[in-house]
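As a plain string of letters, each chain reads:
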Amino acid sequence: MSLLEISNLSKRFGGVVAVDSCSLSVPAGSVTGLIGPNGSGKTTVFNLVTGFLPRDGGDVRFKSRSIADLGPDRIYGLGIGRTFQLARIFPRLTALENMLVPVRRAGLRALLSHGQWGHEKARAMEMLEFMDISRVAGTLGGALSYGQRKLLELAAVMMARPELVLLDEPAGGVNPALLERIAQHIRQLNGQGVTFLLVEHNMNFVMNLCHQVVVLHQGRVIAAGSPAAVRENPAVLDAYLGA
Amino acid sequence: MQLVLEAVVLGVLTGGVYALMASGLTLIFGVMRIINVGHGALVILGAYLSFALFRSLHIDPFLTLLVTVPAMFALGVVIQFVFIRPLKMDREALSVLVTYALALGIEGALGYLFTTNYVELRGWYETASFPVFGFYITWVYVFGFVLALVVLGLLFLILYRTPFGGAVRATMLNRTAAQLIGVDVDRVSALAFGVGMATAAAGGVVFGITNAFNPGSHYDLISRLLTIIVLGGLGSLRGAVIAALMMLVTTEVAAVLISPVWASFVFFVILVGVLIVRPQGLYGVRVRERI
Amino acid sequence: MSRTVGLKALGLAMLGVVALLVPVIAPDPATTNVAVFTMMYIGLATAWNIMGGYTGYISLGHAAFFGFGAYSFGLLLNHLGMAPGYGPFFLVPLAGVFAALLAVGIGWVALRTRAATFVIVTIAFMFMLQLLAENLVKVTGGGAGLSLPYPHDWGGDFFNTPYYYAMLALAVLALVVSWWIRRSKFGLGLLAIRDDEDKALAVGVPTRAFKLTAFMISAALVGMIGAVYGYYVTFIYPQFVIDPLIGISMVLMVFLGGLGTLSGPVLGALLLEPAQLQFAYHFGASRLYLVLYSAIFLVVILLMPRGIVPSVVDLWHRRRSGSAAGPTPPAHGAGNAIKAASP
């Protein structure tokens, strides 16, 4: 079953066509990689899917329901989370507070109740434990190291139990040890049923982690399939080495 | 109908004046991302400077520009350096408070020095007018408009034809990127503020020669100027000019068709209307902070 | 940990007792007048902080709500033919409701824009309201002012006292609301909006609804305080009640004390309002009062941009941990790992 279905998605910025009739599908329960040379439109696709940019054409369907015109908060409420290229957390809130911000159901009662913090707090600490950063729970986000922020960002996104998580360069700017940890976490979460779509440049990371890989070049999908197949694909090699 | 035509002409002429004042304000925002709510007070300061020179030396108000423009330019650079640059955190919010404080200080000082009585700048040509289409236009308005055009023209020239202007525009578009290509953004900011102040000096003369003013006049002035730059799009010079013309023409026509009292109100109603339809203003860019 | 909590509670209790006894300790009208205004600004600053401090959206037009509260209250009292005395105090919450409704209208337009434009739009709306108050003469009395019922039988020394307690009650209400918001998920959402609005959206925070709600709550409180003020001065004029100086004072107090903190606005009001009253008294006529005000304003902002409370708390933390307890969080503008820590 395809959890996320992108069909003929297009976006242009003035004269530049960033995304050109892009179509791809993310099967439920998979870890799908989205790769391509710089400027191929990967982050733009993310921004379109998560409601940060209005599309120029095409459709995005999540569980067969069109989400193309929804805002980012509605989309998170439906169960799609995302991380950003440069890990974004709330610097003036503590790590624990960062974990308590995400809102899944924006109902009046849920938000006014102070008591909700009780069980949310416990779960937040659990997630922090899971990511091995529970000892910095009381530290302000701005005082955390970059690696800690990356982990915190992912942990916070997971708070509302999203079914699909879009990771924008999860391996970006991290040392090999942390890289392995992140990969582990993704595998574990995937094992618990979370579907991932990740944009990455680190080929090893992608090839070891992903069930399927989609290649974007100049805004268009030029290849899709298993990591092995994509690796051998001449069009892909051309795009990376040629362009 | 005749009255409406006259209102339109008057609106265009005064629109030019407001365009001049608004241009400095929107330039400052564009370069430094700060809202200079003291801009109205600075214009009034310019007007009073000219007034003081005019009163003591009996020279034509337009000639006082030779002194006030460089003086205000220098003052602008100093203000930016002393009061704006030290603000590192929450710059947008704090600058509003700082510039407001400056405005209050200027208002107080001017009130102390000149009392709160209304004054006016006068030239020998004060009441001279010429007939056009069956009504009369006073020369002062035309002079003011011409001056506004000249200064605006100079501003556009500087911005689009000089290296300094290029640096300013680069800083406006993307401060970090500008720094990366070697633009000294601090210096550009200080100079841009100076330029903004220089336009305020010119605006002061034109405003003072077409309106009676006192130290408290800056409230009404700044509320109009802020409305204009929001309507035009924060940071857009083109927007400021067009918005100024639009606003003033509509206000003058409304004064004729409805009543002078409600004309000011129309000003704000237009703003609200535009914001509902196009929150970024006419020429503003819809900004999503950072994706 | 519980020792600090215990100390805080004790301190608060003591302050509470002192606040309750002010009219008893110093019953002369001059002092109680200062007390009324100081308590008024404690409430105003705290209320303003709910929007400006928590969400980061700076409203410079809050005087609009103050004035609207005063006018709507006055018009209501006159319309109902309300007798002066204690009765009107019970209708004050209605002024809050009216102000909140105004906030919905203003907020709906003003919050369509980003924070920089928001400031300007709030100023514009304030001037619009002032114009309306001045020109809708049949309704508001225009420049001639609007009179409210005057409690004649509260003679001389006693007159200020009921107003003081009314202001105290509103200030306490504002503080309780502010405290509660700060601890709630709603409050966390507001702070998240302040730090990084787009990121807040990305984690599901309904930013528009939250901002509007905070704006409404802030406006309602300010409106109620404005109503009591109108009742206190018994005669309200457009330019004195929809006065930009009132709007800017409450903002300055919050910045002085510490934006976004609970005690900051209180401290700022306690420090500034008595001083402000003194200045106006001594220098008001000569306009020099504005110059002095401006100078203090500038010194405060340039020397202590974060306000007193955060600076003091920071200093205390450093003393306790011996050395600097790690880098200070980066400035407004989140997630940018490149940005250097603030001085």
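The rules we used
Residues numbered from 1 in each chain as written. Chains lettered and ligands numbered in written order. Predicted model: local features only at pLDDT ≥ 70, side-chain atom pairs only at ≥ 80, totals over all residues. Helix = DSSP H or I, 4+ residues; strand = E, 2+ residues; numbered from the N terminus. Rg over C-alpha atoms; globule rule 2.2 N^0.38 Å. Buried ≥ 20, exposed ≤ 12 C-beta atoms within 10 Å, placed from the backbone. Contact = placed C-beta atoms within 7 Å. Pairing = 2+ DSSP bridges. Axes fitted to C-alpha atoms, helices over the stretch in contact; angles between N-to-C directions. Parallel < 35°, antiparallel > 145°, perpendicular 65-115°, else oblique. Left-handed = near helix turned anticlockwise from the far one by under 90°. Nonpolar A, V, L, I, M, F, W, Y, C, P; charged D, E, K, R; others polar. Core = buried A, V, L, I, M, F, W, Y, C linked by C-beta atoms within 7 Å. pLDDT = per-residue confidence, 0-100.

1. Comments concerning the overall build of chain B
Okay, step 1: Counting its secondary structure elements, chain B contains eleven helices and two strands.
Okay, step 2: Taken from N to C terminus, the helices and strands of chain B fall in the order α-α-α-α-β-β-α-α-α-α-α-α-α.
Okay, step 3: In summary, chain B has a C-alpha radius of gyration of 19 Å against a globular reference of 19 Å for 291 residues, a match within 12%.
Okay, step 4: Considered along the principal axes of its C-alpha atoms, chain B spans approximately 60 × 45 × 35 Å.

2. A few points about the overall build of chain A
Okay, step 1: Check the secondary structure of chain A and you find ten helices and ten strands.
Okay, step 2: What you see for chain A is a C-alpha radius of gyration of 18 Å, in line with the 18 Å of a compact globule of 243 residues.
Okay, step 3: With 243 residues in all, chain A has 44% of them scored as buried.
Okay, step 4: In chain A, the share of contacts with a sequence separation of at least 24, taken over all contacts with a separation of at least 6, comes to 69%.

3. Notes on the sheet that holds strand β4 (residues 57-62) of chain A
Residue and element names in this part refer to chain A.
Okay, step 1: One open sheet holds the four strands; their spatial order is β2-β1-β4-β5, and the pairing between them is antiparallel. This sheet does not close on itself; its edge strands, each paired only once, are β2 (16-27) and β5 (65-66).
Okay, step 2: As paired strands, strand β1 (residues 2-13) and β2 are joined by eight bridges and run antiparallel to one another. Directly across from E5, in β2, lies its bridge partner S25.

4. With respect to the sheet that holds strand β9 (residues 212-217) of chain A
Residue and element names in this part refer to chain A.
Okay, step 1: The six strands are arranged β6-β7-β8-β3-β9-β10 in an open sheet whose pairing can be described as mixed. Among the strands making up the open sheet, the edge pair consists of β6 (80-82) and β10 (220-225). For this sheet, the mean inter-axis angle between neighbouring strands, taken without regard to orientation, is 20°.
Okay, step 2: Summarising the sheet, β6 and strand β7 (residues 164-168) pair through three bridges and their orientation is parallel. Residue pairing across strands places I80 opposite L164, the latter belonging to β7.
Okay, step 3: Packing against the sheet, helix α1 (residues 42-49) makes contact with β3 (31-35), β6, β7, β8 (195-199) and β9, and its axis sits at approximately 145° to β7.

5. Examining the packing of helix α9 (residues 218-232) of chain B against helix α5 (residues 115-135) of chain C
Okay, step 1: Two numbers describe how α9 of chain B lies on α5 of chain C: the axes approach to 10 Å, and their chain directions differ by 135°. The angle between α9 of chain B and α5 of chain C falls in the class oblique. In the packing of α9 of chain B onto α5 of chain C, the handedness of the crossing is left-handed. Facing S223, L226, T227 and V230 of chain B of α9 of chain B, the residues of α5 of chain C in contact are T117, I120, V121, I123, A124 and F127 of chain C.
Okay, step 2: For the contact of α9 of chain B with α5 of chain C, the residue count by class is seven nonpolar, three polar and no charged.

6. Notes on the environment of I80 of chain A
All names here are of chain A.
Okay, step 1: Tracing the chain through its elements places I80 in strand β6.
Okay, step 2: Considered as a pair, I80 and R161 are 81 residues apart in the sequence and their alpha carbons are 9.0 Å apart.
Okay, step 3: Discounting residues that sit within four places of it in the chain, I80 has contacts with T50, F62, I75, P162, L164 and L166.

7. Structural notes on the nonpolar core
Okay, step 1: Counting 284 residues, the largest nonpolar core has A244 of chain B together with A99, M167 and V228 of chain C as its most contacted members.
Okay, step 2: At 16 residues, helix α10 (residues 207-233) of chain C tops the list of elements feeding residues into this core.

8. Here we look at the confidence of the model for chain A
It should be kept in mind that the predicted coordinates are not to be read in detail where pLDDT is low.
Okay, step 1: Considering every residue of chain A, the mean pLDDT works out to 89; 94% of them sit at 70 or more.
Okay, step 2: Put simply, helix α4 (residues 108-112) of chain A is where chain A has its lowest mean pLDDT, 63, and β7 of chain A is where it has its highest, 95.

9. Let's talk about the packing of helix α5 (residues 139-161) of chain B against helix α6 (residues 163-173) of chain B
Residues and elements named next belong to chain B.
Okay, step 1: Following both chains from N to C, one finds α5 and α6 inclined at 80°, their axes separated by 5 Å at the closest point. Classed by the angle they form, the pair α5 and α6 counts as roughly perpendicular. On α6, the residues that touch I158, L159, Y160 and R161 of α5 are F164, G165, V168 and R169.

10. Structural notes on the environment of L212 of chain C
Residues and elements named next belong to chain C.
Okay, step 1: Relative to the helices and strands, L212 resides in helix α10.
Okay, step 2: A tally of 18 C-beta atoms within 10 Å means that L212 is categorised as partly exposed.
Okay, step 3: Spatially, the C-alpha atom of L212 lies 7.4 Å from that of L111, the residues being 101 residues apart in sequence.
Okay, step 4: Setting aside residues up to four positions removed in sequence, L212 forms contacts with V104, G107 and L111.

11. Side note on the confidence of the model for chain B
Okay, step 1: Residues of chain B with pLDDT of at least 70 account for 95%, and the chain-wide mean is 85.
Okay, step 2: Reported confidence for the predicted complex is 0.91 by ipTM and 0.88 by pTM.

12. Description of the pairing of β7 of chain A
Residues and elements named next belong to chain A.
Okay, step 1: The buried fraction of β7 is high, at five of five residues.
Okay, step 2: Residues L164, L166 and D168 of β7 are buried on one face, and the alternating residues V165 and L167, pointing to the opposite face, are buried as well.
Okay, step 3: Pairing of β7 with β8, which is carried by five bridges, proceeds in the parallel orientation. Note on β8: the bridge partner recorded for V165 is F196.

13. Structural notes on the environment of L201 of chain C
Okay, step 1: In this structure, L201 of chain C sits in helix α9 (residues 197-202).
Okay, step 2: A tally of 24 C-beta atoms within 10 Å means that L201 of chain C is categorised as buried.
Okay, step 3: For L201 of chain C and G189 of chain C, which are twelve residues apart along the polypeptide, the C-alpha to C-alpha distance reads 9.7 Å.
Okay, step 4: Not counting the four nearest positions on each side in its chain, L201 of chain C is found in contact with G71, P72 and D73 of chain A together with T207 of chain C.

14. With respect to unusual backbone geometry
Residues and elements named next belong to chain A.
Okay, step 1: One non-glycine residue, S21, lies in positive phi territory at about 50°.
Okay, step 2: Within the secondary structure, S21 sits in strand β2.
Okay, step 3: Classification of S21 by C-beta neighbours within 10 Å gives partly exposed; the count is 14.
Okay, step 4: A positive phi is found at E169, a non-glycine position, where the angle reads about 55°.

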